[in-house]
Amino acid sequence: MTAPPLGKYLASTGEQSNTQPNYYIDNTQEKRIRDKAVKNLSVFLSESTNVLPKSDMDKLWKGIFYGFWMSDKPLVQQALATELSDLVLSISQTTSALAFLRGFWEMIVREWNGIDRLRIDKYYMLVRRFVNASFRLLVRTEWDTNVVKEYNDMLTTSGGPLCPSDLRVPTGLTYHLADIYVEELDKVLSLSTSPADILPAPLHPLLMPFLSLAAQTPVAVTCKRIQSSLIDPLFSALKTLSDEEQPKSKRARLATTGNQPGLYPCVVINSCYEDPKTEGSIYGHTLRKKLLRLVFEIASQPETRDSNRRKLYASWKDSAEECEEE
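How each quantity is defined
Residues numbered from 1 in each chain as written. Predicted model: local features only at pLDDT ≥ 70, side-chain atom pairs only at ≥ 80, totals over all residues. Heavy atoms only, no water. Helix = DSSP H or I, 4+ residues; strand = E, 2+ residues; numbered from the N terminus. Buried < 20%, exposed > 50% of the residue type's maximum accessible area, 1.4 Å probe, protein only. Areas by Shrake-Rupley, 256 points an atom, 1.4 Å probe, with all protein chains shown as cover. 1 Å grid on protein atoms, 1.4 Å probe; cavity = no way out; pocket = protein on both sides within 12 Å on 5 of 7 lines; lining within 4 Å. Points joined across faces, edges and corners; volume = space filled by probe spheres on them. Nonpolar A, V, L, I, M, F, W, Y, C, P; charged D, E, K, R; others polar. Axes fitted to C-alpha atoms, helices over the stretch in contact; angles between N-to-C directions. Parallel < 35°, antiparallel > 145°, perpendicular 65-115°, else oblique. Left-handed = near helix turned anticlockwise from the far one by under 90°. Contact = heavy atoms within 4.5 Å. Salt bridge = Lys/Arg side-chain N within 4 Å of Asp/Glu carboxyl O. Phe/Tyr/Trp six-rings, centres within 6.5 Å; stacked < 30°, edge-to-face > 60°. Lys NZ or Arg CZ within 6 Å of the ring centre and 35° of its normal. Polar contact = N/O pair within 3.5 Å; in protein donor to acceptor, adjacent residues only side chain to side chain. Expected span 1.5 Å × (residues − 1).

## Looking at the overall build of the protein chain
Point 1. Regarding its fold elements, the protein chain presents 15 helices and 4 strands.
Point 2. By the burial criterion, 51% of the 326 residues in the protein chain qualify as buried.
Point 3. Put simply, the protein chain shows about 15,500 Å² of open surface, and 50% of that area lies on carbon and sulfur atoms.

So this is what it looks like as structure tokens:
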């Protein structure tokens, strides 16, 4: 399937002829024109049953990137970021939605280092919106094993934001993902009125891209950042609900850990280890112990770097001792 004229319209890089400029999505600040382009793209993507060739997808995302680049005013930027991320869910075919997501991650890795300090905050917001939309897509598939695996692959293979062997990946992007990942998962799980409305989130596969990166990264700071921003806060949150407490309990939902009230409350009450359909929700210490065992196993793998192995073992030991004391 080749890109239609719409794809070329959105993918223009802003080149101008000698006589007349091209007023495309990427070089205009007119909200009306951008809105029309986004709406047309939504229609095109939702009606398409085939995946665009990579060359066309790259052109499409380059156009979208610079369209967002030219957006001004916070409210306009927020609305456009939401509209763009919601395109993921407007695509009925999961395969096509995943291809669109892959195009996003490859684009953001490729273009990240060119974003100036005046624009970086709005791209942080765009990444956050797409992480949220990704989780909503996975929820829509009921955490299908193959879909989760393909999503993890796009994050961890060459060109993905969590690839441990690709030195082109900007560390700032990786750190931002570590900061927001579980938080956005919690927001998606909170969209249900009760835990039964959404199948429990399988934390083992969802955390694997970060755990693998922490084990294999050659950058010591990256391993520490994943521990401090993702692993430690999550383990701390899982201490707030004991195995005896019921998930419907308001007290459980509002549980506190230290000075962090209600940290990831929906993740705490509506998560499992690996298979949501057979395990159901696993609460408190039981899930925490399973995840601690996972950290130990990853630290023990031969491909784990020695310096990272020591950090992961230390993290596992500290959390394991806390479990024994409780």
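On we go.
## What about the layout of surface pockets?
Point 1. There is about 470 Å³ of room inside the largest pocket.
Point 2. Residue lining of the largest pocket: 22 residues in total, with V148, K149, N152, P205 and M208 positioned closest to the centre.
Point 3. Elements with a contribution of two residues or more to the lining of the largest pocket: helix 7 (145–156), helix 9 (203–216) and helix 13 (276–279).
Point 4. Of all the elements, helix 7 adds the most residues to the lining of the largest pocket, at 6 residues.
Point 5. Here the residues of the lining of the largest pocket sort into 9 nonpolar, 6 polar and 7 charged.

## Quick notes on the packing of helix 3 (residues 54–69) against helix 5 (residues 94–111)
Point 1. Direction vectors running N to C along helix 3 and helix 5 enclose 60 degrees, while the axes themselves pass 9 Å from each other. One way to sum up the angle between helix 3 and helix 5 is to call them oblique. Between helix 3 and helix 5 lies a crossing whose hand is right-handed. Note on element contacts: helix 5 touches helix 3 through A99, F100, G103, F104, E106, M107, R110 and E111, opposite K54, M57, D58, L60, W61, K62, I64, F65 and Y66.
Point 2. Partitioning the contact of helix 3 with helix 5 into residue classes produces 10 nonpolar, 1 polar and 6 charged.

## Points about the pattern of salt bridges
Charged atoms that come close allow side chains of opposite charge to pair.
Point 1. Using the criterion set out here, one finds 15 salt bridges in the structure.
Point 2. We note a salt bridge from K62 to E111, for which the minimum N-O separation is 3.3 Å. Note that K62 is positioned in helix 3 and E111 in helix 5, a separation of 49 residues in sequence.
Point 3. As a salt-bridge pair, R309 and D306 come within 3.4 Å of each other at their nearest N and O atoms. On the criterion of helical spacing, the pair formed by R309 and D306 is a turn pair, its members being 3 residues apart in helix 15 (residues 306–325).

## Considerations on the packing of helix 8 (residues 171–189) against helix 9
For any two helices packed against each other, the geometry comes down to the angle between their axes and how far apart the axes lie.
Point 1. Two numbers describe how helix 8 lies on helix 9: the axes approach to 12 Å, and their chain directions differ by 165 degrees. By the angle class used here, helix 8 and helix 9 are roughly antiparallel. Considering the relative orientation of helix 8 and helix 9, their crossing is left-handed. Only L203, L206, F210 and L213 of helix 9 make contact with helix 8, whose side of the interface consists of T174, L177, A178, Y181 and L185.
Point 2. Of the residues assigned to the contact of helix 8 with helix 9, the class counts are 8 nonpolar, 1 polar and no charged.

## As for the packing of aromatic side chains
Point 1. According to the stated counting rule, one finds 15 aromatic pairs in the structure shown.
Point 2. On the basis of an interplanar angle of 10 degrees and a centroid distance of 3.9 Å, the ring pair of F104 and F130 is categorised as stacked. Linking F104 in helix 5 with F130 in helix 6 (residues 120–140), this pair joins segments that are 26 residues apart in sequence. Pair check on accessibility: F104 and F130 agree, each one buried.
Point 3. Ring pairs connect the aromatic residues W61, F100, F104, W105 and F130, which therefore count as one cluster.
Point 4. A cation over a ring is seen here: K122 above F68, with NZ or CZ 5.5 Å from the ring centre.
Point 5. The side chain of K290 reaches across the aromatic face of Y273, ending 5.6 Å from its centre.

## A closer look at the environment of Y151
Point 1. With respect to the helices, strands and loops of the structure, Y151 is situated in helix 7.
Point 2. Residues Y151 and F135, spaced 16 residues apart in sequence, show a C-alpha to C-alpha distance of 9.9 Å.
Point 3. Setting aside residues up to four positions removed in sequence, Y151 forms contacts with L101, W105, S134, L138 and Y181.
Point 4. Engagement of the side chain of Y151 in a polar contact is seen with the side chain of S134, the distance being 3.2 Å.

## As for helix 6
Point 1. Given a rise of 1.5 Å per residue, 21 residues ought to cover 30 Å, and the 30 Å separating the end C-alpha atoms of helix 6 matches this to within 8%.
Point 2. The element helix 6 is extensively covered by neighbouring structure, given that 15 of its 21 residues are classed as buried.
Point 3. Positive backbone phi, at 60 degrees, marks E142, one or two positions downstream of helix 6.

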